[in-house]
Amino acid sequence: AQKVTQAQTEISVVEKEDVTLDCVYETRDTTYYLFWYKQPPSGELVFLIRRNSFDEQNEISGRYSWNFQKSTSSFNFTITASQVVDSAVYFCALSEEYNTDKLIFGTGTRLQVFP
Amino acid sequence: DTAVSQTPKYLVTQMGNDKSIKCEQNLGHDTMYWYKQDSKKFLKIMFSYNNKELIINETVPNRFSPKSPDKAHLNLHINSLELGDSAVYFCASSQALAGGFSTQYFGPGTRLTVL
């Protein structure tokens, strides 16, 4: 059965600390996509990244980086030198080949960055 | 130049009433969605429409009826509102990529409160 687990409910860090948000997924498909979305306190959902199951290269975008490991079914998200503006709820999501329109979300990790 | 817009942003109503939420996207996408985010922030898909045709209906009570007058609009009508319908409702849209996968872009959400 398809499932996305974000075991960290809430993480608090002080500005400039690095923080990693964990995401573990389950799927029976060999072809799938993984996503991260950010939901800041204002409430909107902002797309951050999409990664397909055949591309295990790590991705870096500014202070953000993603580590995809099929061997452990994980797609972790690291913020380097965190800032107060990074405070948000972050969602990991999965889309499978047999049902490409359906995004299966994890329960989210609330990140609080204190000055 | 908002990509996916929803109206209203906030909706407060009494139990038993009927209400509608409107969604419009100007991205030229051919698929639109409705998601429900409950009080614990859990996001779950309700419906998806592709070119005005219903694709996904995730065991949502039939008090919820989506309507797509054209591929840029997907409205959500809710009859006989119940307390449990209180949630944030997100509209999203996407354009299919190779293999059918896509990235979904979300609207700002509509916070529905049923009293």
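Let us look at the structure shown here. (Residues numbered from 1 in each chain as written. Chains lettered and ligands numbered in written order. Predicted model: local features only at pLDDT ≥ 70, side-chain atom pairs only at ≥ 80, totals over all residues. Heavy atoms only, no water.)

## What about the overall build of chain A?
Note the threshold: Working definition: helices are DSSP H or I runs of at least four residues, strands are E runs of at least two. Numbering for both runs from the N terminus. In this description the radius of gyration comes from C-alpha coordinates, and the expected globular size is given by 2.2 Å times residues to the power 0.38. Partly exposed residues are those whose accessible area sits between 20% and 50% of the maximum for their type, while under 20% is buried and over 50% is exposed, using a 1.4 Å probe and protein chains only. Between two residues, a contact is recorded if the distance between any of their heavy atoms is within 4.5 Å. Here the open area of atoms and residues is found with the Shrake-Rupley method and a 1.4 Å probe, where only the protein chains shown may cover a residue. As used throughout, the charge tally considers Lys and Arg to be positive and Asp and Glu to be negative, leaving His and the chain termini uncounted. By convention, the charge on Lys lies at NZ, on Arg at CZ, on Asp at CG and on Glu at CD.
Helix and strand counts for chain A stand at 0 helices and 12 strands. Listing each helix as α and each strand as β along chain A from the N terminus yields β-β-β-β-β-β-β-β-β-β-β-β. For chain A, the C-alpha radius of gyration of 14 Å lies close to 13 Å, the compact-globule estimate for 115 residues. With respect to the principal axes defined by its C-alpha atoms, chain A has extents near 45 × 25 × 20 Å. A burial count over chain A gives 50% of its 115 residues as buried. Summarising the internal contacts of chain A: among those between residues at least 6 apart in sequence, 56% fall at separations of at least 24. Split by element, the accessible area of chain A, about 5400 Å² in all, is 48% carbon and sulfur. Computed over 10 positive and 15 negative side-chain charges, the separation of the two mean positions in chain A equals 2 Å.

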